[in-house]
Amino acid sequence: MRKIASCFGLSKAKNIPGFEKHSILASETAFNVNGVEALYILFEQLSSSIIDDGLIHKEEFLLALFDCSKKKNLLAERLFDLFDFKRNGVIEFGDFVRSLSIFHPNAPQADKIAFAFKLYDLRQTGYIEREELKEMVLATLNESELFLSDDVVEAIVDKTLQEADLKGDGKIDPEEWKELVAKYPSLIKNMTLPYLREITIAFPSFVMETEVSDADLVY
C-alpha cells in the first residue's frame, strides 16, 4: 500500500459507466469539486491502462499500486475488494472517489478506523481472527521489505491479540479494534494521504505513500 503511481499518460475525456456528477460527489466526500475533477482525470488514466472501458479492473488497480510492476500483494488485493463497492470485480468512478475520500486528511477518524478494520477482516466475518491478523502482519512486513523469523512473527501476533482481545474470545471485534487504535494511533497512519488535500496541485504527478516509517509500524 505504499504507492499508487501515475504510470500512464492523459487520456481524452469519455463517458464512463456509473458516472456521477462531480458536485454530488464533492458534497458526499472530503473533496471539493476541483479535487473530484482531478480524480476524474486520474480515474480515466487508470481505467484505460489495460481495458479502455471506463472501469478500473483488478489488474489495472494492482498495476497502479505497484508502480507498473506485476508484483502481487495481499494488501493491494484487499484494498481492491474494499474499493469495489458492488462486488462485481470493477471499480466505478463514484466508488473510487468515495473510497479515496477515507484517506483524505479531513475525513473523520471513525471512518478511517472502520476501513482499517475491514482491511484486516479478510473473511468478512465482522471480527479479526488470529490467522487473519497473521496474514496481514506478514503482508505488511513484506510490503515494507522486512523479513522476520516465524517465531518472531508468531510472537507479534500473540502479543497483539493478547492486548487487543479484551473479551478473551480469541478474536478482535470493532470495539476492541477502536481501543487498540486509541492506544496505538500509528495503526491507522497509513489511512491518511496528505496530498489528497492538494490533489489539484499534486496531479498529474500523483503518488500515494504512507506517512508512517517502517520503524514506526505497530502490529
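Residues numbered from 1 in each chain as written. Predicted model: local features only at pLDDT ≥ 70, side-chain atom pairs only at ≥ 80, totals over all residues. Heavy atoms only, no water.

An unreviewed UniProt entry lists the protein chain under the name Calcineurin B-like protein, with Penstemon davidsonii given as the organism. Annotation of the protein chain in UniProt includes, under Subcellular location (unreviewed entry), the sentence "Membrane". In the Sequence similarities (unreviewed entry) part of its UniProt record, the protein chain is described as follows: "Belongs to the calcineurin regulatory subunit family." (UniProt positions renumbered as here; feature names shortened; annotations may be inferred.)

**Q** Could you give me a rundown of unusual backbone geometry, with the residues and numbers involved?
**A** Leave glycine aside and you will find that most residues have negative phi; peptide bonds, for their part, are mostly trans. If you check the backbone angles, arginine 87 has positive phi at about 55° while not being a glycine. Mapping arginine 87 onto the fold places it in the loop between helix H4 (74-83) and strand S2 (90-91). Located in the positive-phi region is glutamine 124, a residue other than glycine, with phi close to 55°. Summarising the element assignment, glutamine 124 is placed in the loop between helix H6 (109-120) and strand S3 (128-129). (Helix = DSSP H or I, 4+ residues; strand = E, 2+ residues; numbered from the N terminus.)

**Q** How would you summarise the packing of helix H2 (residues 33-47) against helix H5 (residues 93-101) if you had to cite specific residues and measurements?
**A** Where H2 contacts H5, the axes come no closer than 10 Å and their chain directions differ by 120°. What the angle tells us is that H2 and H5 run oblique. As for how H2 packs across H5, the hand of that crossing is right-handed. Two secondary-structure elements touch here, H2 through Val36, Leu39, Tyr40, Leu42, Phe43 and Leu46 and H5 through Phe93, Phe96, Val97 and Leu100. Here the residues of the contact of H2 with H5 are counted per class, giving 10 nonpolar, no polar and no charged. (Axes fitted to C-alpha atoms, helices over the stretch in contact; angles between N-to-C directions. Parallel < 35°, antiparallel > 145°, perpendicular 65-115°, else oblique. Left-handed = near helix turned anticlockwise from the far one by under 90°. Contact = heavy atoms within 4.5 Å. Nonpolar A, V, L, I, M, F, W, Y, C, P; charged D, E, K, R; others polar.)

**Q** Describe the UniProt feature "domain: EF-hand" (unreviewed entry) in the protein chain, with residues and values.
**A** Residues annotated by UniProt as "domain: EF-hand" (unreviewed entry) correspond here to residues 71-106, 108-143 and 152-187. Across residues 108-143 one finds 72% helix and 6% strand; the C-alpha atoms that close the span lie 26 Å apart. The span residues 152-187 carries 64% helix and 6% strand; its end-to-end C-alpha distance comes to 19 Å.

**Q** Describe the packing of aromatic side chains, listing the residues and the values that go with them.
**A** As enumerated under the stated definition, the model contains eight aromatic pairs in all. Relative to phenylalanine 80, the ring of phenylalanine 61 has its centre 5.6 Å away and its plane inclined at 65°; by these criteria the two rings are edge-to-face. Taken together, the positions of phenylalanine 61 in helix H3 (residues 58-65) and phenylalanine 80 in helix H4 put the pair 19 residues apart, joining distant regions of the chain. An identical accessibility class is assigned to phenylalanine 61 and phenylalanine 80; each is buried. Consider the rings of phenylalanine 117 and tryptophan 177, whose centres lie 6.4 Å apart with planes at 65°: the pair is edge-to-face. Here phenylalanine 117 is found in helix H6, whereas its partner tryptophan 177 is found in helix H9 (residues 174-183), with 60 residues between them in sequence. An aromatic cluster is built from Tyr40, Phe43, Phe93 and Phe96, whose rings are joined through pairwise contacts. (Phe/Tyr/Trp six-rings, centres within 6.5 Å; stacked < 30°, edge-to-face > 60°. Buried < 20%, exposed > 50% of the residue type's maximum accessible area, 1.4 Å probe, protein only.)

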